[in-house]
Structure formats: structure tokens, C-alpha cells
Amino acid sequence: MIPYGRQTVDDDDIQAIAQATRSTWLTCGPTVGKFEQALAESAGVAHGAAVSSGTAALHCALYALGVGPGDEVLVPAMTFAATANTVVFLGARPVFADVLPDTLCLDPASANDRITERTKVIIAVDYAGQPCDYKSLQALASARSLPILADACHSLGGSYNGRPVGSLADITAVSFHPVKPITTGEGGMTLTDNPALDARVRRFRNHGMTTDFRQREAAGAWEYDIEDLGYNYRITDIQCALGLSQLGKLQGFIASRRAVAAEYDARFARIPWLKPLFVHDPSGHGRHLYVVKIDFQAIQRPRAQAFKQLREAGIGVNVHYRPVHLLAYYRDRLGCTEGMCPHAEKAYEQILSLPVFPGMTHEQIDEVVRRVLELGGS
Ligand SMILES: *Cc1c(COP(=O)(O)O)cnc(C)c1O
């Protein structure tokens, strides 16, 4: 099976892991800080705080922004459920906004329509690795004095108008899950220029404690306090050693993903029943996913059948995503209904994610293209 995504881990990554495993600190050690500094620097911001997953990063970021019971948070309907789940973790309500039909990124006009006096944060998701329309989002956010949280789990390493992902919002959350731009196995990070937000993330990831173990060791003190509840969202030094090693390869990984996408673009250019998503700036797109919209009516084949046929042919296609407001929890517990986000709902019927990962070979790309074109009888 050619998977839709997969990690690239080389011998030097494994050596970095082995070295970290032999050191004094397996967790809360110096490698965590080194990885945070290196990633923050590459993203053009002052602070990074590493945590145990992208979901934890979103949870910490929303906490840092002061989200709590009674608040509403704008969430695009076309995203992974964690974007909305973390809002619910804090007792707040996700309000789903629609996406733009050509990019499946948050539609600023829909976001604007759904802002109320309870709105506390706007979450922008850089769908498939393409940064959102931050110019429009920043304009509407600043008009209402609302912060933007970027869910950049797909787009780390990308850029928007020459500015790196990580520096485009008040705070940004990224993921290091194996299919994401770089991996630590599981892991995530918040990125921000705001020292107060960073400090709140750091406290929340470590039980709400005012000092961490190494700070107490260094001070020769046992004392800490807990002023607010937090979680154990820490990441290990072993994982951060892998992250540091991977970070050095991030731009290479993305160049490789872009080359795969360019080859798909060329091969699919004149297929009337298949359209790749619109790309504003190929040089800023992280190409986490290669998503096509297929006119399943035109090829007289329902998506389920096309999906099954491709999987049986060894092509690891996927669907990203079933709109979050249509998932059972959001329907049953939050009263979400069909029709709330028509562009996301319509797109959901049409999309397929094709395999894309660093080092994908021409033979693999050719096999995917051949099998996909077979759907249309060619
Ligand atoms: C992967 C992902 C997350 C969650 O990240 P984890 O590291 O798996 O917890 C959140 N949002 C989006 C858009 C993602 O793709």
C-alpha cells in the first residue's frame, strides 16, 4: 500500500534518539529547551513551548488565551476534530464557520458573520498545509480586538507573504505526529511572540505548577505552588532530540512534498472530472495533504466505490475531513445540524486525499495517477 502520508526517519535521527536516551535527563531536560528555541527561531517568533501532542498544544493555547465557560470560539468546519474538542475541554462552545470552497480554509466572511459578543478567539486552520487568508482574518480580528489561534498542524515550514508559519497569528499550535511535516512520534508546540501567553502555556502543561523540576533543582529548593489547574502535557528529551534532528530536514521534506504535488498538478491538469484544490502561492504551501475534488457523478461511480477500488489497488487514499459539526458528538450534544456550513458539507462529498510524503518516488506517483485516472475509465 502506498500510504497517504508517512514519516522519514534516518540513521542520524536514530543516533540523536540514542544519545538522548543515554543522558541524565529523559524528560524536562535541556533538549526540550533546545528544540523549542530552534523551532521558534525558524518560525520567526520569540517563544516555543513543547508539549505531548498537537491537541495538547491547542488546549494549552486556548487556555493561555483565557477561554473558559460561557465563551465561544470560532472553528472552521473542515478540520480534524481536535481543533473543536479542545474548545469543549475548557467548557467553551465551538461555533463552526464555513470554509472557502476552493481552498477549504476558513472563510473570513463566514467567520465575520458568526462573531458574537461571546466570541473569545478565532481559530484558523491552514488546511492541507496552505496558510489561511491571514490578511483578511487579521483585519476582522483586530476590528473586534479578538486574538487568532493558528492551528498550523498541517503547515509548519510553510509561509504567507514571505512570513513563516508560526508568526502569522497571536499564538500557533503545531503537531509532530508521524504524518505531519516533522515528527517526534507524538508531540506538539505552541509558538508565540507574547511572553505572557508562553508563560501560561508552560504552567498549564505542567500541572499548573509555578516552577518545574529542573528549576527547583538549580535553585536547591523544593517549593512550588499551584495557582490554577493544569495537566501533564510534557514531552520527553528523547522526543525532542528526534524533533531537533528532524527540524534540520524540514525544508528538504517540504521541497520533496512540493515536487510530488507539482507532478500531480501536471498530470491532472486536463482531467475535466478531477480538480486539485486552489493554491494561492505554491512556494508557501506546506503540502501536508494533496486533496482533489472529484465529480463522482460525471464518472458514474460513488465515492465509496472509488475509495474501495483505490484501496484495493494499493493506493492509500483518505478523506480529510468529515466536517466536525456533522460528527455525532457535535450533533447530539451541541445541537449542530446539516446546512450550517454548506461549503464544507458539499466539499466533503467530493474530496479525496492522495498519497504525498517526502521521498515518494516517480513510480509511486505514476501508480497513483494511473489508478486514479482509471476511475474515469481512462
Ligand atoms: C494532527 C492535527 C491535530 C492534532 O494533533 P495531534 O498531534 O495528533 O494531537 C490538530 N489539528 C489538525 C488540523 C491536525 O491535523
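Heads up: these notes are all about the structure in this document. Since this is a predicted model, take the numbers as computed values, not measurements. (Residues numbered from 1 in each chain as written. Predicted model: local features only at pLDDT ≥ 70, side-chain atom pairs only at ≥ 80, totals over all residues. Heavy atoms only, no water.)

This brings us to helix 14 (residues 362–374). Between its terminal C-alpha atoms helix 14 stretches 18 Å, which fits the 18 Å expected from 13 residues at 1.5 Å a residue. Within helix 14 the residues assigned to the buried category are Gln364, Ile365, Val368, Val369, Val372 and Leu373. Seen along its axis, helix 14 keeps its buried residues to an arc of 160 degrees; they face one direction. (Helix = DSSP H or I, 4+ residues; strand = E, 2+ residues; numbered from the N terminus. Expected span 1.5 Å × (residues − 1). Buried < 20%, exposed > 50% of the residue type's maximum accessible area, 1.4 Å probe, protein only. Arc of directions from axis to C-beta.)

Time to look at the packing of helix 2 (residues 30–43) against helix 9 (residues 237–247). At a minimum axis separation of 8 Å, helix 2 and helix 9 run at an interaxial angle of 30 degrees. Between helix 2 and helix 9, the angle is such that the two are roughly parallel. Crossing geometry of helix 2 relative to helix 9 is assigned as left-handed. For the pair helix 2 and helix 9, contact is made by Pro30, Thr31, Val32, Lys34, Phe35, Ala38, Leu39 and Ser42 and by Asp237, Cys240, Ala241, Gly243, Leu244 and Leu247, respectively. (Axes fitted to C-alpha atoms, helices over the stretch in contact; angles between N-to-C directions. Parallel < 35°, antiparallel > 145°, perpendicular 65-115°, else oblique. Left-handed = near helix turned anticlockwise from the far one by under 90°. Contact = heavy atoms within 4.5 Å.)

Neighbouring residues of the ligand: 14 residues in total, closest Gly54, Thr55, Asp151, Ser175 and Lys180. Within the contact set of the ligand, a nitrogen atom lies 2.8 Å away from a side-chain nitrogen or oxygen of Asp151. Protein burial of the ligand: of its 380 Å² of free accessible surface, 92% is covered by the chains. The element best represented in the shell around the ligand is helix 3 (residues 54–64), accounting for three residues. Its residues assigned to classes, the shell around the ligand comprises four nonpolar, eight polar and two charged. (Near = heavy atom within 4 Å. Polar contact = N/O pair within 3.5 Å; in protein donor to acceptor, adjacent residues only side chain to side chain. Areas by Shrake-Rupley, 256 points an atom, 1.4 Å probe, with all protein chains shown as cover. Nonpolar A, V, L, I, M, F, W, Y, C, P; charged D, E, K, R; others polar.)

Pairing is possible between side chains that carry opposite charge, provided their charged atoms lie close to one another. Under the criterion given, the structure shown has 15 salt bridges. Among the salt bridges present, the one from Lys249 reaches Asp13, with a minimum N-O distance of 2.8 Å. Taken together, the positions of Lys249 in the loop between helix 9 and helix 10 (250–268) and Asp13 in helix 1 (residues 11–21) put the pair 236 residues apart, joining distant regions of the chain. Note that Arg202 and Glu36 form a salt bridge whose closest N and O atoms lie 3.2 Å from each other. (Salt bridge = Lys/Arg side-chain N within 4 Å of Asp/Glu carboxyl O.)

Note that all results are geometric; they support no functional claim without further evidence.
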